[in-house]
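Coordinate analysis (summary)
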Amino acid sequence: MSDSSPARPVAPVLDVWCELQCPDCRSALDDLRALRARYGDRLELRLRHFPLEKHKHAFAAAQAAEEALEQGRGWPYVEAVLGRVEELDRRGEAFLVEVAQELGLDAEEFDTALIDGRHILIVDADQAEGKAIGVTGTPTYVIGGERLDGGKSQEGLRERVEEIADRLLAEQDG
């Protein structure tokens, strides 16, 4: 028995190059929430990691975010950690595990993932790809082949993302 319903077009992708210890990324949360509310599943928001050396817990936080994605709560975890950047600054990995627990995730598995480094390759690959396409700071957005740098100013970025997303969706609807 085959399903004869027409194939659903693939949603345009918005890559969000982010760092969980970055105050600028925290200020971008409202824009990301607004984009999710406006587009729902018609726009795929994809978390990409770009931990900066100046933040000593950023690399562990990126790994923790990957574990949260694996456990099905990636964005809620990212939002929870970004909302408390100062606490991450102060408390490091213990805080990352605590947030997992607060969200009802398997905190023990988080702890193990941070120790065994199972997500390091994903974080390294994201960082390498980011550098290759010219990401220098966070947040940086890439949609429809266009890179938008929010590290300097986020002024007008959401509007620009919406313009590109609307154009891509209109092209899809043909």
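Just so you know, these numbers come straight off a predicted model, no measurement behind them. Per chain, residues are indexed from 1 in the order of the written sequence. Reporting in this predicted model follows two pLDDT cut-offs: at least 70 for local features of residues, and 80 or more for side-chain atom pairs to be given and counted; totals over whole chains, interfaces and linings ignore these cut-offs and use all residues. Values shown for side chains rest on all heavy atoms present in the structure; no hydrogens or waters enter the calculation.

Things to note about a negative patch on the surface
Keep this limit in mind: Surface patches are defined over residues having more than 30% relative accessible area and no salt bridge, joining like charges when they lie within 9 Å and nonpolar side chains (Val, Leu, Ile, Met, Phe, Trp, Tyr) when within 5 Å. Values of accessible area rely on a 1.4 Å probe in the Shrake-Rupley scheme; residue burial ignores everything except the protein chains shown. Whenever a carboxyl oxygen of Asp or Glu lies within 4 Å of a side-chain nitrogen of Lys or Arg, that contact is scored as a salt bridge. This count recognises Lys and Arg as positive and Asp and Glu as negative, with His and chain-terminal groups excluded. To locate a charge, the coordinates of NZ of Lys, CZ of Arg, CG of Asp or CD of Glu are taken. Secondary structure is summarised from DSSP: a helix means a run of H or I of at least four residues, a strand means a run of E of at least two, and numbering begins at the N terminus for each.
A cluster of like negative charges, contributed by Glu-93, Asp-106, Glu-108 and Asp-111, occupies part of the molecular surface. With respect to the helices and strands, Asp-111 occurs in helix α6 (residues 107-116).

Remarks on the sheet that holds strand β3 (residues 140-143)
Rule in force here: Only when DSSP finds a minimum of two bridges between them are two strands counted as paired. Working convention: axes come from line fits to C-alpha atoms, limited for helices to the stretch in contact. Angles between N-to-C directions cover 0 to 180 degrees.
Here 4 strands make up an open sheet; going across it, the order is β2-β1-β3-β4 and the pairing mixed. Pairing within the sheet leaves two strands with one partner each, and these edge strands are β2 (44-49) and β4 (146-149). The mean inter-strand angle of the sheet, taken between neighbouring strand axes irrespective of direction, is 20°. Across 4 bridges, strand β1 (residues 13-18) lies against β3 in antiparallel orientation. Across the sheet, residue Val-16 finds its bridge partner in β3, namely Tyr-141.

Overview of the pattern of salt bridges
Convention followed: Burial classes: relative accessible area under 20% of the type maximum marks a residue as buried, over 50% as exposed, and values in between as partly exposed (1.4 Å probe, protein chains only).
Per the stated rule, a full pass over the model turns up 23 salt bridges. Between Arg-38 and Glu-162 there is a salt bridge, with its nearest N and O atoms 3.0 Å apart. Of this pair, Arg-38 sits in helix α1 (residues 23-39) while Glu-162 sits in helix α8 (residues 157-173), and the two are 124 residues apart along the sequence. Two residues, Arg-118 and Glu-67, come together in a salt bridge whose shortest N-O distance is 3.7 Å. Placement of Arg-118 in the loop between α6 and α7 (120-132) and of Glu-67 in helix α2 (residues 58-70) is noted, with a sequence separation of 51 residues between them. Looking at Glu-67, the relative accessible area reads 2%, which means it is buried. Salt bridges sharing common partners tie together Asp-15, Arg-46, Arg-48, Asp-126 and Glu-129.

Any link to function would need more than the numbers given here.
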